[in-house]
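# Observations on the model geometry
Letter by letter, the chains look like this.
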Amino acid sequence: MCKAKFSQDPQIAEREIIEYNSRIRALGLDKFNGPCYVAAITMYDSKESLAAKKPCGAFILYLEETIAQEFLKAMSQGLDDEDEEMVMDNCGELCNVIAGQFKNNIKEFGYHDLVISAPTKGKNDIPEGVDFEYNETKLQEVSFFIRKIKAVVIAITLAPAP
């Protein structure tokens, strides 16, 4: 939509979950050398798990600031990139769309229809952290590059299918 093309293959890495108050620490400054937007979705096995706050996974989207503004302007007519709350809301919506597609695609690997939370979002970090399945110790991180700079990072942790 914004005519940006990936300049190299994505980098995939397995990382240790960095915990903060029993939540994943979602600090964008660990991913980029400058400002970014962060949005996260928590995944649950069922509506009952959601009500009981027993997650089975987490999906975190990190967008480098200038790339985020290009992406989000292309997605949303009339986006004012000076309005950080509006940019964060749009970043949360993008996270929701990508996490929803992920949720739909993992059904072929034995997962039933997961329930996802509303997005949590922030500039540079999500101060309160992100809920996750506490027995999980690792997450998968995929980094995408545009114009030879790391522009988008997606981190995912998910417990085995029940």
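Everything in this summary refers to the structure shown in the same document. Counting of residues starts from 1 at the beginning of each chain's written sequence and follows it residue by residue. Per-residue local features are limited, in this predicted model, to residues with pLDDT of at least 70; the limit for side-chain atom pairs, both in listing and counting, is 80 or more; totals at the level of whole chains, interfaces and linings are taken over all residues. Remark: hydrogens and water are excluded; side-chain values derive from all non-hydrogen atoms of the structure.

For helices the rule is a DSSP run of H or I covering at least 4 residues; for strands it is a run of E covering at least 2, with both sets numbered from the N terminus onward. Across its full length, the chain carries three helices and 10 strands. The order of helices and strands in the chain, counted from the N terminus, is β-β-β-β-α-β-α-α-β-β-β-β-β. Atoms counted for the radius of gyration: C-alpha only. Globule rule: 2.2 Å times residue count to the power 0.38. Taken over C-alpha atoms, the radius of gyration comes to 15 Å for the chain, in line with the 15 Å a tight globule of 162 residues would show. Principal-axis analysis of the C-alpha atoms gives the chain an extent of 40 × 35 × 30 Å. For every residue, the accessible area obtained with a 1.4 Å probe (protein chains only) is divided by the maximum for its type, and the residue is called buried under 20%, exposed over 50%, and partly exposed between those limits. The buried share among the 162 residues of the chain stands at 44%. A fraction of 74% describes how many contacts in the chain between residues 6 or more apart in sequence connect residues 24 or more apart. In the chain, which carries 18 positive and 26 negative side-chain charges, the distance between the mean positions of the two groups comes to 3 Å. Residue contacts are defined here by distance: any two heavy atoms, one from each residue, within 4.5 Å place the two residues in contact. Residues scored as positive are Lys and Arg, those scored as negative are Asp and Glu, and His as well as the terminal groups of each chain are ignored. Here the site of a charge means NZ on Lys, CZ on Arg, CG on Asp, or CD on Glu.

This brings us to the pattern of salt bridges. Here, a salt bridge means any Lys or Arg side-chain nitrogen found within 4 Å of an Asp or Glu carboxyl oxygen. If you walk through the whole model with that rule in mind, you get 10 salt bridges. Across the pair Arg15 and Glu141 runs a salt bridge whose closest N-O atoms are separated by 3.0 Å. Of the two residues, Arg15 sits in strand β1 (residues 11–16) while Glu141 sits in strand β9 (residues 138–146), which places them 126 residues apart along the sequence. Of the residues examined, Glu141 reaches a relative accessible area of 4% and is grouped as buried. Residues joined by salt bridges that share partners form a network here, namely Arg15, Lys31 and Glu141.

Moving on, we come to the packing of aromatic side chains. The relative placement of two aromatic rings is captured by the distance of their centres and the angle of their planes. For Phe, Tyr and Trp, rings pair up if their centres lie within 6.5 Å, where Trp contributes its six-membered ring, and each pair is then called stacked (planes under 30 degrees apart), edge-to-face (over 60) or tilted (otherwise). Summed over the entire model, instances satisfying the criterion amount to two aromatic pairs. Measuring from ring centre to ring centre gives 5.9 Å for Phe59 and Phe102, while their planes differ by 45 degrees; the resulting arrangement is tilted. Of this pair, Phe59 sits in strand β5 (residues 57–64) while Phe102 sits in helix α3 (residues 84–105), and the two are 43 residues apart along the sequence. The exposure class assigned to Phe59 is buried, which follows from its relative accessible area of 2%. Ring plane angle 45 degrees and centroid distance 6.0 Å describe the contact between Phe132 and Tyr134, whose orientation is recorded as tilted. Only Lys NZ and Arg CZ are tested; either one counts as a charge over a ring when it is within 6 Å of the ring centre and within 35 degrees of the ring normal. The positively charged end of Lys31 is found above the aromatic ring belonging to Tyr62, 5.2 Å away from the centroid.

Let us now look at the nonpolar core. We call a set of buried residues a nonpolar core when its members are Ala, Val, Leu, Ile, Met, Phe, Trp, Tyr or Cys and they connect through side-chain atoms within 4.5 Å of each other. Counting 30 residues, the largest nonpolar core has Phe59, Leu61, Leu63 and Val152 as its most contacted members. Secondary structure elements with two or more residues in this core: β4 (36–44), β5, α2 (65–75), α3, β9 and β10 (149–158). Tallying contributions element by element places α3 first for this core, with six residues. Apart from residues lying up to four places away in sequence, Val152 is in contact with Phe32, Leu61, Tyr62, Leu63, Phe71, Val142, Ser143 and Phe144. In terms of nonpolar packing, the next biggest core, distinct from the first, is built from 16 residues, Ile24, Phe32, Cys36 and Ile126 among them.

The next subject is the sheet that holds strand β8 (residues 125–130). Across the sheet, which stays open at both edges, the three strands sit in the order β2-β3-β8 with antiparallel pairing between neighbours. On the outer flanks of this sheet lie β2 (19–20) and β8, each paired with one strand and no other. By the bridge criterion, two bridges tie β2 to strand β3 (residues 23–27) in an arrangement that is antiparallel. Residue pairing across strands places Tyr20 opposite Arg23, the latter belonging to β3. Here, strands pair whenever DSSP counts at least two bridges between them.

Its place among the elements puts Ser49 in helix α1 (residues 47–51). Here Ser49 falls in the buried class, since its relative accessible area comes to 14%. Sequence-wise, Ser49 and Ala159 are 110 residues apart; in three dimensions their C-alpha atoms are separated by 13 Å. Residue contacts for Ser49: discarding those within four places in its chain leaves Tyr44 and Lys54.

In short, geometric facts, not functional conclusions.
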